[in-house]
Amino acid sequence: MRVDDKIYHTIWLKPDDSKVVQIIDQRFLPFRFVIEDISSVEEMYTAIRDMHLRGAPLIGAAGALGMYLAAVYKNDVHKAADYLISSRPTAINLEFCVTRVLKKTEAAFTYEEKVKAALDESLVIISEELENCRKIGEFGVELIQEISRAKKGETVHVLTHCNAGWLACIDYGTATAPIYFAHDRGINVHVWVDETRPRNQGARLTAWELGKHGVPHTVIADNTGGHLMQHGMVDMVIVGSDRTTVTGDVANKIGTYLKALAAQDNNVPFYVALPSSTFDWSLTDGVKQIPVEERGADEVRFVDGRDGSVVRTVDTLPENSPALNYGFDVTPARLVTGLITERGICRASRESILGLFPEKNQ
Ligand code: MRU
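Residues numbered from 1 in each chain as written. Predicted model: local features only at pLDDT ≥ 70, side-chain atom pairs only at ≥ 80, totals over all residues. Heavy atoms only, no water.

Caption draft 1: Layout of the overall build of the protein. The helix and strand inventory of the protein stands at 12 helices and 18 strands. Along the first, second and third principal axes, the C-alpha atoms of the protein reach 65 × 55 × 45 Å. Taken across its 362 residues, the protein has 56% of its residues classed as buried. The long-range share in the protein, meaning contacts at least 24 apart out of those at least 6 apart in sequence, stands at 73%. Carbon and sulfur atoms form 50% of the exposed surface of the protein, whose accessible area is close to 15500 Å². Across the protein, 39 positive and 49 negative side-chain charges occur, with their mean positions spaced 1 Å apart. (Helix = DSSP H or I, 4+ residues; strand = E, 2+ residues; numbered from the N terminus. Buried < 20%, exposed > 50% of the residue type's maximum accessible area, 1.4 Å probe, protein only. Contact = heavy atoms within 4.5 Å. Areas by Shrake-Rupley, 256 points an atom, 1.4 Å probe, with all protein chains shown as cover. Lys, Arg positive; Asp, Glu negative; His and termini not counted. Charge placed at Lys NZ, Arg CZ, Asp CG, Glu CD.)

The following block contains the structure:
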C-alpha cells in the first residue's frame, strides 16, 4: 500500500544486503515511520515477541525469513524453528510458515542450497499471502456491495477490531481488503475502528492505514460498538483471526468475542476474513484448545501518546493495582455469520470449511 509517495509491503530483504531483513517497526506508528534492520534469528525472535511487527500473516512471513537468517548464519535450523515458534503462541501462521521453510531447508544438501531453499520458500509464502489477501478482498467486497445496493448507495458502516489491515499482512490486509476494494470501486464505505486496548492497534495502526488510503473512518472506544449496533449504525462487522479451528471457532484480539455477542443480539452480520494459513486443521474446540497468549501487565498500565511534538509513555493506573493482559479470545462458530477466505466465503462450520478446502478432509 501507499505510504505518502511510496509503495510499501511490510517485510522485505534489504536491497543492497540480502542478509538483512527489513520491516516497518510498528511500535512507532502512527507517530513515526521507522524501518528496522533484522540480521539474526535472535533479532527476529525479539521483533515478533515484542511486536515490532504483528498480525498473524505477517508473523508467519517473519518466522519464515527468520528461518532464512538461520540458514544464512549456519544456525541449527531445528533449534531456530522451535525458538521462533515460541515467540508468540496464538497465531498458527507462525508454526505453519516456519515448518514449511524448515522442511525445504532439511531437504537441501550444501550450504548454498539450504540458503536458497529457505529464501525461495519464504518468498513463495510472502507472495501467496499477498495473493490470498487480494482474493479475500475480491470475495469480501461483494458483501459490502450487496449492502450498499440494499441501502441504495447510502454509506455502508463496517466495524472492525484490532488491526487486520495491510500492516498485519504483506499487503491489503484480511478484514480491510474488502474495505479497500469497496472504497476503490467508489462504494460509500465508512469504518468504525475499535481502539483495541491495551495496545491500541485499532487507534494506532488501522486508523493510520485507512487514513493513508483516504478511507473514511472514526475511532471509537472499545465499549462503543454495542451501542452503535443497537441504533442501526453498524451494517456489518469484519475482523481477522489468529487461529481458526476446522469447526469455525475463531481466536482473534481480545474483545472480538464481545463484539460478536453484540452483533448477534442486534442481527448485524459478523464476518471473519482469513487466509487458509490461519486455519488449525487439527483443532475442533477453540475455547478449550487454542492457546491464548498472556502478555505483560505493563501493556495495560502504560499508554503512549503525543504531547505536542514529543511522544511520551504515561502510567495510567494506581501505583499498586495489578493488571492482567490476555491477548486474545475465542469467538465460537455459532456467533460467526461467515468466513471470507482466498477460496470464497463459507459458513463457520466443519462441513462448509472443508467444502472449500476438500484436501484437508482426512
Ligand atoms: O496481537 P496482534 O496485534 O498480533 O493481534 C492481531 C490480531 O488480532 C489480528 O486481528 C489478527 O492477527 C489478524 S491479522 C490479519
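There is more to say after this.
Caption draft 2: Structural view of the site of the ligand. Lining the immediate environment of the ligand, one finds 19 residues, of which R54, R88, Q201, N252 and K253 sit closest. Here an oxygen atom of the ligand sits 3.0 Å away from a polar atom, N or O, in the main chain of G55. A per-class count over the shell around the ligand returns eight nonpolar, seven polar and four charged. Mapped onto the domain boundaries, the shell around the ligand takes at least three residues apiece from domain 1 (2–127) and domain 2 (137–360). (Near = heavy atom within 4 Å. Polar contact = N/O pair within 3.5 Å; in protein donor to acceptor, adjacent residues only side chain to side chain. Nonpolar A, V, L, I, M, F, W, Y, C, P; charged D, E, K, R; others polar. Domains from an automatic or database assignment.)

Caption draft 3: Local environment of the pairing of strand β16 (residues 328–331). Of the two faces of β16, the one carrying F328 and V330 and the one carrying D329 and T331 are both buried. Taken together, the four bridges between strand β11 (residues 250–253) and β16 define a ladder with antiparallel strand orientation. Paired with V250 across the strands is T331, a residue of β16. (Pairing = 2+ DSSP bridges.)

Caption draft 4: Representation of the packing of aromatic side chains. All told, the structure shown has nine aromatic pairs when counted by the stated rule. Ring geometry for Y8 against F33: centres 4.9 Å apart, planes inclined by 65 degrees, an arrangement best described as edge-to-face. Of this pair, Y8 sits in the loop between β2 (6–7) and β3 (11–14) while F33 sits in the loop between β4 (17–24) and β5 (35–38); the two residues are 25 residues apart in sequence, bridging distant segments of the chain. Look at F33 and you get partly exposed, because its relative accessible area is 31%. (Phe/Tyr/Trp six-rings, centres within 6.5 Å; stacked < 30°, edge-to-face > 60°.)

Caption draft 5: Representation of the environment of G63. Topologically, G63 is positioned in helix α2 (residues 56–72). Apart from the residues within four sequence positions on either side, G63 is in contact with I48, L84, L94 and V98.

Caption draft 6: How the structure looks around the pattern of salt bridges. Taken as a whole and judged by the stated rule, the model has 22 salt bridges. One salt bridge connects D194 with K259, and the closest N-O pair in it is separated by 2.9 Å. Note that D194 is positioned in strand β7 (residues 189–194) and K259 in helix α9 (residues 256–265), a separation of 65 residues in sequence. The exposure classification of D194 matches that of K259, with both residues buried. One salt bridge in this structure joins R243 and D280, with 2.7 Å as the shortest N-O distance. (Salt bridge = Lys/Arg side-chain N within 4 Å of Asp/Glu carboxyl O.)

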